[in-house]
Structures are given as structure tokens and as C-alpha cells.
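Working through the structure, step by step
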Amino acid sequence: MPATVLTIGLDPDLETELAHQNRTNIVTTVSYQEALELLATTDVSTILIDSRSSSQLRADINMLLADTPVTTSIVLITHPFDLVSAESYAALGVKTIHGPASVERIQEFLLT
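The structure contained in this document is the topic of the report that follows. (Residues numbered from 1 in each chain as written. Predicted model: local features only at pLDDT ≥ 70, side-chain atom pairs only at ≥ 80, totals over all residues. Heavy atoms only, no water.)

Here we take up a negative patch on the surface. Together, Asp 11, Asp 13, Glu 17 and Glu 104 make up a region of like negative charge exposed at the surface. In this fold, Asp 11 is placed in the loop between strand S1 (3-8) and helix H1 (12-21). (Patch = residues over 30% accessible without salt bridge, like charges linked within 9 Å, V, L, I, M, F, W, Y side chains within 5 Å. Areas by Shrake-Rupley, 256 points an atom, 1.4 Å probe, with all protein chains shown as cover. Salt bridge = Lys/Arg side-chain N within 4 Å of Asp/Glu carboxyl O. Lys, Arg positive; Asp, Glu negative; His and termini not counted. Charge placed at Lys NZ, Arg CZ, Asp CG, Glu CD. Helix = DSSP H or I, 4+ residues; strand = E, 2+ residues; numbered from the N terminus.)

Turning our eyes to something else, we now look at the pairing of strand S4 (residues 73-78). Among the 6 residues of S4, 6 are classified as buried, and the element is accordingly described as predominantly covered. Across the two faces of S4 the burial is the same, with Ser 73, Val 75 and Ile 77 and Ile 74, Leu 76 and Thr 78 all buried. As defined by bridge partners, strand S3 (residues 46-50) adjoins S4 across 5 bridges and the pair is classed as parallel. Within S4, the position partnered with Asp 50 by the bridge is Ile 77. (Buried < 20%, exposed > 50% of the residue type's maximum accessible area, 1.4 Å probe, protein only. Pairing = 2+ DSSP bridges.)

Another point: the packing of helix H2 (residues 32-39) against helix H3 (residues 57-67). How two helices sit against one another is set out by the angle between their axes and by the gap between those axes. Where H2 contacts H3, the axes come no closer than 10 Å and their chain directions differ by 5 degrees. Between H2 and H3, the angle falls in the class roughly parallel. Taking contact as the criterion, the partners of Tyr 32, Leu 36 and Leu 39 in H2 are, on H3, Leu 57, Asp 60, Met 63, Leu 64 and Asp 67. (Axes fitted to C-alpha atoms, helices over the stretch in contact; angles between N-to-C directions. Parallel < 35°, antiparallel > 145°, perpendicular 65-115°, else oblique. Contact = heavy atoms within 4.5 Å.)

Just distances and angles here, no functional claims.
Structure, rendered in C-alpha cells:
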């Protein structure tokens, strides 16, 4: 059975490319509330988050961490001008990709 990856605010072209090159089910959401509702009924192996998807990123990631099993991998895609500290997220167990992200780079995180 293929893994299920939940995306939050990811670029639609990147999502499409990812879906075509992976043996994964991609479930797309645009908001954290939508993601939390989906997580109540769907098991996901990885959550891919674009850092631009939230104005309160830390609080939203904390909510996801509280509502997902420890086996769910959370990967945050940051961008060059973000004021996001990868170290503070790493302390929470969140992996970080410094964008712009490519499908190849994301696949590395889906395999780990």
C-alpha cells in the first residue's frame, strides 16, 4: 500500500510533479484547519508544509505535532527570505528543506 503524504500550502506544480514521480498518495490542503480535520480520519506518513502557508507557523506546527502520531514525519519547506530557524524546528523533530524545493530533494525526505 502506498504511503500517504499530506501537503499544506505546497505549490500546485510541485504537488503534481511529486504525485507523478512517487508511489505515494498526495492529499492536498491549503489551511491548517483543513489539515487537522483530514488528520482526524486519515493516516499519513509525511506532512509537507510550505513555510509561507501560515502567519503563525510555530503555533500551527505545534497543533500538528499534538494531533499526529510520533511516526508521522513533518517536513517544512523554507524560503530564502524566511525568518525561520531550522534549529528550533529540528528540536521539535521537524525536518527542514531550504527552498526552493525540488521533487528530488523532497523525495530524499520521503524515503527516510
